[in-house]
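Structural features, examined
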Amino acid sequence: MPKARGKSTRAHQEDSDMETDPPTQASQASQVTLTQAQRAAESLSRQEIERKVNEVVQFFLIMEQKKAAVKRADITKHILKEHSRVFPVVFEKAKKKLREVFGVSVEELEGKDKRYILVNLIDTPDGQDHLNMLDDGPKSGLLLVVLSLIFMKGNVIQDTLLWHTLKRLGIQENHPHEILGDVKSLLTKEFTRQQYLEYKRVPQSDPPSFEYRWGPRAHKETSKRRVLQFVSKMYGSESLEIWTSQYQDVLRAEGGEGGSP
């Protein structure tokens, strides 16, 4: 998996549901020009456009784990939905973010079905180093997303909220994912066994509820600062300090001015 790096474009995450578009929308989207897409995008708020861009980027990251091509039809079905006409606008912004944040380019494969892959860029235009946010290996994109969500929610996230968020990426709790397989087992068994995650029942909860936290290995292999850098770049920010509580958490973890660790 490519390693994250330097610059970014804007993105913002908000809640959305994963519903299936009518089968004609993917074919309609392929006929939309950039000018038409820009007109269609005027009906959406800037925050809505940024949210869609962010979700396309994350979708690419997860699909990349097993080197699977991303289908344009899947982007329309899972992310754009009834807003399929804005595909050219969202896609161009997502390509730019993938290039500048992760150091990869989006390349279209030959064929009529509009499939895309990520290709690593060896040289960087600005000479900056990668952030080393992602290790090579399967499923690391999913793990990074989950670790980021946990951190941004105050170092703990309820399992119901986590699954609601993952649903935006086409990942459902009780349905096998075509690339990742049994994601629930990944989170509650494999990642916990590897000590990337802690998955525990909330004390005295009735009915039982569960929550996720970072595991010991996650603390060893990454840091809160690096995760906050990743999140900030996904949101199009150059400053970590706009995330007041999370930045104070970073300083405490480092023993800095925000308090003792």
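Residues numbered from 1 in each chain as written. Predicted model: local features only at pLDDT ≥ 70, side-chain atom pairs only at ≥ 80, totals over all residues. Heavy atoms only, no water.

1. Considerations on the overall build of the protein
When its secondary structure is counted, the protein shows 11 helices and six strands. Out of the 261 residues belonging to the protein, those deemed buried represent 48%. By sequence separation, contacts in the protein at least 24 residues apart represent 67% of the contacts at least 6 residues apart. Split by element, the accessible area of the protein, about 13,300 Å² in all, is 46% carbon and sulfur. (Helix = DSSP H or I, 4+ residues; strand = E, 2+ residues; numbered from the N terminus. Buried < 20%, exposed > 50% of the residue type's maximum accessible area, 1.4 Å probe, protein only. Contact = heavy atoms within 4.5 Å. Areas by Shrake-Rupley, 256 points an atom, 1.4 Å probe, with all protein chains shown as cover.)

2. A short note on the packing of helix 6 (residues 140–152) against helix 8 (residues 183–193)
Look at helix 6 against helix 8: their axes get within 12 Å of each other, and the N-to-C directions meet at 75°. Taken together, helix 6 and helix 8 sit at an angle that is classed as roughly perpendicular. Contacts between helix 6 and helix 8 involve Leu142, Leu143 and Val146 from the first element and Val183, Leu186, Leu187 and Phe191 from the second. Grouping the constituent residues of the contact of helix 6 with helix 8 by class yields seven nonpolar, no polar and no charged. (Axes fitted to C-alpha atoms, helices over the stretch in contact; angles between N-to-C directions. Parallel < 35°, antiparallel > 145°, perpendicular 65-115°, else oblique. Nonpolar A, V, L, I, M, F, W, Y, C, P; charged D, E, K, R; others polar.)

3. Quick word on the sheet that holds strand 4 (residues 157–158)
Read from one edge to the other, the open sheet built from three strands follows the order 4-6-5, with strand pairing classed as antiparallel. Strands with a single pairing partner mark the edges of an open sheet, and in this sheet they are strand 4 and strand 5 (197–201). As defined by bridge partners, strand 4 adjoins strand 6 (residues 210–214) across two bridges and the pair is classed as antiparallel. Within strand 6, the residue paired with glutamine 158 across the bridge is glutamate 211. Strands strand 4, strand 5 and strand 6 of the sheet are contacted by helix 6, whose axis makes an angle of about 100° with strand 6. (Pairing = 2+ DSSP bridges.)

4. Concerning unusual backbone geometry
In this structure, the amide linkage connecting aspartate 206 to the following residue, proline 207, adopts the cis form with an omega of 5°. One non-glycine residue with positive phi stands out, namely glutamine 195, at about 70°. Tracing the sequence through the fold places glutamine 195 in the loop between helix 8 and strand 5. Phi at glutamine 204 takes a positive value of approximately 65°, unusual for a residue other than glycine. Note that glutamine 204 resides in the loop between strand 5 and strand 6. Judged by relative accessible area, glutamine 204 falls into the exposed class, the value being 83%.

5. Description of the nonpolar core
Phe60, Leu142 and Leu187 are the most contacted members of the largest nonpolar core, which has 66 residues in total. Among the elements that take part in this core, helix 6 stands out by supplying 10 residues, more than any other. The contact partners of phenylalanine 60, leaving out residues within four places of it in the chain, are Val70, Ile75, Phe91, Leu98, Val106, Tyr116 and Leu118. (Core = buried A, V, L, I, M, F, W, Y, C linked by side-chain atoms within 4.5 Å.)

6. Thoughts on the pattern of salt bridges
Following the criterion strictly, the structure yields 10 salt bridges and no others. Two residues, glutamate 254 and arginine 225, come together in a salt bridge whose shortest N-O distance is 2.7 Å. Linking glutamate 254 in helix 11 (residues 244–254) with arginine 225 in helix 10 (residues 224–234), this pair joins segments that are 29 residues apart in sequence. In this structure glutamate 254 comes out as partly exposed when scored by relative accessible area, which is 44%. (Salt bridge = Lys/Arg side-chain N within 4 Å of Asp/Glu carboxyl O.)

7. Describing the environment of methionine 152
The residue methionine 152 is located in helix 6 in this model. On the accessibility criterion, methionine 152 (18% relative accessible area) is buried. The spacing of methionine 152 and valine 231 is 79 residues in sequence and 8.6 Å in space, taken between C-alpha atoms. Other than its neighbours up to four places away in sequence, methionine 152 contacts Leu228, Val231, Trp243 and Gln246.

8. A closer look at the sheet that holds strand 1 (residues 70–71)
The antiparallel open sheet is built from three strands, whose spatial order is 1-3-2. What marks the edges here is a single partner per strand, and that holds for strand 1 and strand 2 (104–108). Bridging between strand 1 and strand 3 (residues 115–120) involves two bridges; their strand directions are antiparallel. Its bridge partner being in strand 3, lysine 71 is matched across the sheet by arginine 115.

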